[in-house]
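# Structural features, examined
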Amino acid sequence: MRTTSLPEKTPSGMGPVDGEAFVTIRGMEVQFRGPKGTVHAVDGIDLDIRKGSVLALVGESGSGKSTIAKALVGLVARSGGTVSVGGVEQAPERRNRPRQSRAALQMVFQNPVSSLNPYQKVATIVAEPLRVAKVPADSRVKRVRELLGAVGLDVDSILDKRPGEISGGQAQRVSIARALAAAPELLIADESVSALDVSVQATVLNVLRRLSVEGGLSMLFISHDLGVVRTVSDDIAVLHLGQLCEVGPSEAVLAAPAHPYTAALRAAVPEPGIPLGEAKHTDAEPPSPLSPPSGCSFRERCLYATAVCAELRPALTELGGGRRVACHHPLIPAAHDTAHEAHAKENSA
Amino acid sequence: MPQITSALATGTTAPPTSPAPALKRRSRTTGERLQTVLFIASLGWLALLLVLMFVSMATPWLDPFQQDFGATKQAPGFAHPFGTDANGRDVLARTVAGAQNSFTVAAITLVVGAVTGSVIGIVCGYFRGWFDSVVGLALDTLMAFPALMLIILLVSFRGPSLWTIGGAIGLLMIPSFARVTRSITLSVRSREYVQAAVLIDTPTPRILLTAVLPAVAPVLVAYAFTAVTVGIVAEGSMSFLGYGLAAPAPSWGGIIAEGRTALAQAPWITLAPAATLTITVLAINVIGERFKEKRK
Amino acid sequence: MSLALTAPAIPVHAVPAVSVQELSLGFESNGKMTHVLEGVSFELAQGECLAIVGESGSGKSVLGRTILGVGSQPNSEHSQGAVLLSGDDQLTASAQERRSRAGTRVAMIYQDPMTSLNPTVRIWKQVIESISNRRRLSRREGRAKAVEMLRAVGVPDPERRIDAYPHEFSGGMMQRVGIAAAIAGNPDVLIADEPTTALDVTVQRKVLDLLDRIRRDSGMSMILITHDLGLLTGRADRTMVLYAGRVLEIGPTERITTAPAHPYTQRLLAAIPNVSGTLRRELPALDGGLPPLDRPRTGCPFASRCEIAMPQCHTERPPAVQLAPDHIAHCWAAADPAEGTAP
Amino acid sequence: MVRRAGRALCVLFLVALATMSLPLLLPGSAAVAVLGTNVSAAELAAFTSMHHLDANPLERLWMWVTGVLHGDLGTSIVSGASVAGELQARLPITVELVVLSQLLAILLAIPVALRAAWRPGSLLDRLSAGLSFVLLSIPGFVLGLALIFLFAVQLRILPATGWVGFAQDPVGHVQHLILPVLTLSLGEAAVYLRALRANAGEILVENYIHAARSRGMAPGRILRTRVLRSASLPLVTIVGINIGASFGGALIVETLFAIPGIGRLLSSSIAVRDYPVIESLAIIAALAVVVATVAVDLSYRIIDPRISHAANN
């Protein structure tokens, strides 16, 4: 199964070299207007996804994770900021993007069953993007088989099945195969394993990780589960009420969170055989997006909040080692003076 | 050291190695059997009506206009299974001819109401926007206009043809068909598989064809059975009130209305076609119900 | 040969709060039989917390609802065994008897507080139902009781919030209201069916802490039904692993989560992505699915997915193997350590 | 809510406008219908302009509305009688029929539907399902005829047709009411029974019902206080639509039983193209539908607190 060919990458000559930002999001804002007021679902987000790497977006419900995904693909129009993929600017609305750009961003949804058209066979579902791209019928069949093999499915037995006849794990892999058929440059997985049983979840996670490592696919992986995130991602971005709290390499961030919110999330993850320590957040209710607190949005639940947190919204600042945190009282010391100076120098240059 | 024990973790002593005995299975219920019988009987009834209609159209038997003044208001018997009316016409022949008109009106109703209504519903549900609002308002207006008044107006001013009657009833059915299909389309539209289809740039007509239509179709078919019965009943009611086909032309409502004055002396003139009408509606409903259950 | 006993802290002679004996259940729909539970047995001591762990299709929720004894009960033709609440059988009891026990002797906390609280009824009325269904409460009495219950579960400003409707609460608060409603009748046994699955992790831990506190303070017994093996450590005294309607393993939570004996438990634990410890990029996946449930399982239900399955695993029901005074696995490999990998 | 009310007014306006356009849209002159064919063209024209039949619809609507504000609904172009007077005599009769039959239908449907839903597949469930299925298949005028045949012709215990005012003869009034009300209500009861049964079935499997039972709530109490409340939402909708549209049903029953109500008036006015009467009746009927829709909306808000919440969100 491993040897089955992985999806070819669409060659993008102008794309940046490995390690540099391939997807760049700057100042992204999404607002929803309602009778009770405007909700800033995404409130000024800067994010980079390196080519061939997996960036995980973590946060609790209402943090704006899924909205970012939808704004990226243009299902929801952002109200501010810029998005560029492989150096190509993406218009806020999907219909204003060229076909090539639309195909470049693909998404795998949360619910395995409702992601697939119940009236179509698996073969038709996966072939759909190829049909749209006007791939001739015979090469379509071949490609569908390759893709289904690449996501570890038993090709012959699944081709003629309908979504109702396959398991959740299989359905989710069919969804991935369909996304891959569009030859995307960025795959967005929105809570793609949270509806699956643990035993099945592992299979899907393995497929996603291999697509990134062996297939060189860039990925935005959205999840509320830190364990899952750690397994799949290279970098992690923690989101609270539409704002970034902390960004950095996953291992470093999870080993020693700099933002109290990351620490609170980390401390609340239950693991078999390991008793939970003290909770790292207060008993306060999660804030309402309709009336966000002044200053830092986490301050009401934060154990370290002081007066300044209510007055000033903390900006993302460099910590060194590729890490950034938006906190007045970060849990690990701020960037070393040298790094700080180097950074300052860089800026002035 | 692990050891086999007959005791369960909790200390009960039932032998765990014997497989749990197979649980009994119930046979099909009498209700299900009754439904099957009714279904077959309904099909049989409609088939019988169709055969009789064919006989009436293609052969000299069952002539609805043939008058036998020597045998007026004759009770049902061998020569006239449904008896004869005040003009000595065979009630069975008139009932069968009425069926033709009823079915024709129902068919027109269905085509006008179902086709127009579901196209409107699907377009509104999928594209939303100002078009949806405008059409919604128009449909609300149509629904607020008193239904029978609309039909009577149309019929009395345009003349009582099958097309006018069928078209008028069909027009009134457009809102309900549009509502049903619109709500299904709306729910399908929000499904992730439609969003996924949008993301891979599937052309909209193809999304409508492969995702929306298959979801709408079964409901539409089930609904169509109801629509047919509504068409038949509405035509009957219109004819009964005197806004149906012109006098000598037979229609169920008309025959029933004619017989009404003689309800005491010759009840069959009214009751036979009334029973035929009711049984036909019942049969179509039974078949429709069967279809709805199959879908579940 | 040692006889398995309940948790050491509990006196042996006490009547167990719940005793399930060789329970088999089947449901019939459209002429098709689904065998949901097969020969399930366990006991829950007074004051104890037992976790029932299983993935979808394991039958864990049906088991919980059968113990509770209300709602659509399986046809008597399709149920066997006994479900004893302090010695009283729920399976043979009349609907009226079961109803009289519901809320006061056994109560339930549901997975999704959004759907398990009636959206059209003010919460104070729902919170005191276990009491108001039995005797007439004056409006003042009822409201006072509701305030007391909400305060007990940590809902801030209860005097004002008792008049709210469920949708006016956040998910976590709504679940606290659900817990208040469950414990208002002061039941002996509390069944929590995935009580935190719909909640965020930070909220989840607070809710589980609350349940722990309630159990310790009141001495209630608790059955915690969950799919998440991570939740149990430090919370459940014992853990029972359910798969395709059968008990595969039962024992102290410590042992189940750190030294499981059944291959399924082992594989399930290994498949959980970890936040602590070494980073694993490739997780040991567990392919395949549940055996067909439309007929009784022969042999071990996990055999088709088990890497160390032996021929008899497919044909004969595995024996109960006692691995420690309180730890039992139903597994042929565990019975014969030479052939299996079990410790 | 403001938007809904605005929409309702808009619908009302459109219906009124459509009604006012009838003389222009429909072929056949009212003047000819009233005066006959052997009068001069000048006389016809004078008649037409006297009754403003050739005015534009908006103008006619304006005249109608200003008339209404003075309590004047116009006069019949055929009999010269005041429309308001006609309505005053006939409207109470139709309203009595409709209200009584709707009440009877609801009272019949609720207990049976709830009990049947509690025990799906029970004898009551199957019997009520079968009976309502048959009742639904019987056209109203057939049911009425059958009732007349049975109770008036065969058993001779009730009058076949006619109407007696309550003040005139209370007993006779009730006797004349029974068959028409039964005819109207049996069909509606079947509709309500099926809708409520299906809905109650869906509600009974909701988690919150299981939760209520887990706290020991008795079946009767669940049905009365919980299921009925939630299931009444769709019921209210259907009842609302039916009450709004009951003019149609009333027309058939009034014709069948020779009852001097609104329906008969409508039917006879159309036959002679008595536009002032038609217009007033159509607008009143539309008003009934619109008011019913708004009332349904309002009762939704009262029954389900989430709706007002969602609307504000």
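As a starting point, this report considers the structure included with it. (Residues numbered from 1 in each chain as written. Chains lettered and ligands numbered in written order. Predicted model: local features only at pLDDT ≥ 70, side-chain atom pairs only at ≥ 80, totals over all residues. Heavy atoms only, no water.)

### Notes on the sheet that holds strand 2 (residues 37-50) of chain A
Residue and element names in this part refer to chain A. Cut-off, in case you're wondering: Two strands are said to pair when DSSP picks up at least two bridges between them. Put simply, DSSP H or I for four residues or longer makes a helix, DSSP E for two residues or longer makes a strand, and each gets a number counted from the N terminus.
The antiparallel open sheet is built from four strands, whose spatial order is 2-1-4-5. At either end of the open sheet lies a strand with only one pairing partner, and these are strand 2 and strand 5 (88-89). When strand 4 (residues 80-85) meets strand 5, the two strands line up antiparallel, connected through two bridges. Following the sheet pairing, S84 is matched in strand 5 by E89.

### Considerations on the environment of M220 of chain C
Residue and element names in this part refer to chain C. Here is the rule we go by: Using a 1.4 Å probe on the protein chains alone, a residue whose accessible area is under 20% of its type maximum counts as buried, one over 50% counts as exposed, and one in between counts as partly exposed. Residue contacts follow a heavy-atom distance rule, with two residues in contact if any of their heavy atoms lie within 4.5 Å.
Residue placement: M220 occurs in the loop between helix 9 (201-218) and strand 8 (221-226). Given a relative accessible area of 5%, M220 falls into the buried group. With 114 residues separating them in the primary sequence, M220 and V106 have C-alpha atoms 9.6 Å apart. The residues contacting M220, other than those within four sequence positions of it, are G47, E48, I183, N186, P187, D188, L190, I214 and R215.

### Points about helix 5 (residues 162-189) of chain B
Under the convention used in this document: Expected helix span is taken as 1.5 Å per residue step, with the number of steps being one fewer than the number of residues. Think of it this way: the bend at a residue is just the angle between two axes, each fitted to seven residues, one set ending at that residue and the other starting at it.
When the terminal C-alpha atoms of helix 5 of chain B are compared, their 38 Å separation across 28 residues agrees well with the 40 Å that a helix rising 1.5 Å per residue should span. Taken as a whole, helix 5 of chain B carries its principal kink of about 35° at M173 of chain B; the proline P175 of chain B stands between one and four residues after it.

### Observations concerning helix 3 (residues 41-50) of chain D
All names here are of chain D. Filter applied, for reference: The reported arc concerns the directions from the helix axis to the C-beta atoms and nothing else.
Of the positions making up helix 3, those classed as buried are L44, F47 and T48. Down the axis, helix 3 shows its buried residues gathered within 100° of arc, on one side only. For helix 3, the exposed residues set more than 90 degrees away from the buried face come down to A42 and M50. At its buried positions, helix 3 is contacted by helix 2 (30-35). The first or second residue beyond helix 3 is H52, which carries a positive phi of 55°.

### Structural notes on unusual backbone geometry
Phi angles above zero are rare outside glycine, and A183 of chain A is one such case at about 50°. With respect to the helices, strands and loops of the structure, A183 of chain A is situated in the loop between helix 6 (168-181) and strand 7 (186-190). Within the chain, A244 of chain C stands out as a residue other than glycine whose phi angle is a positive 50°. Its location among the elements puts A244 of chain C in the loop between strand 9 (238-243) and strand 10 (246-252).

Purely spatial values, then, with no claim about function.
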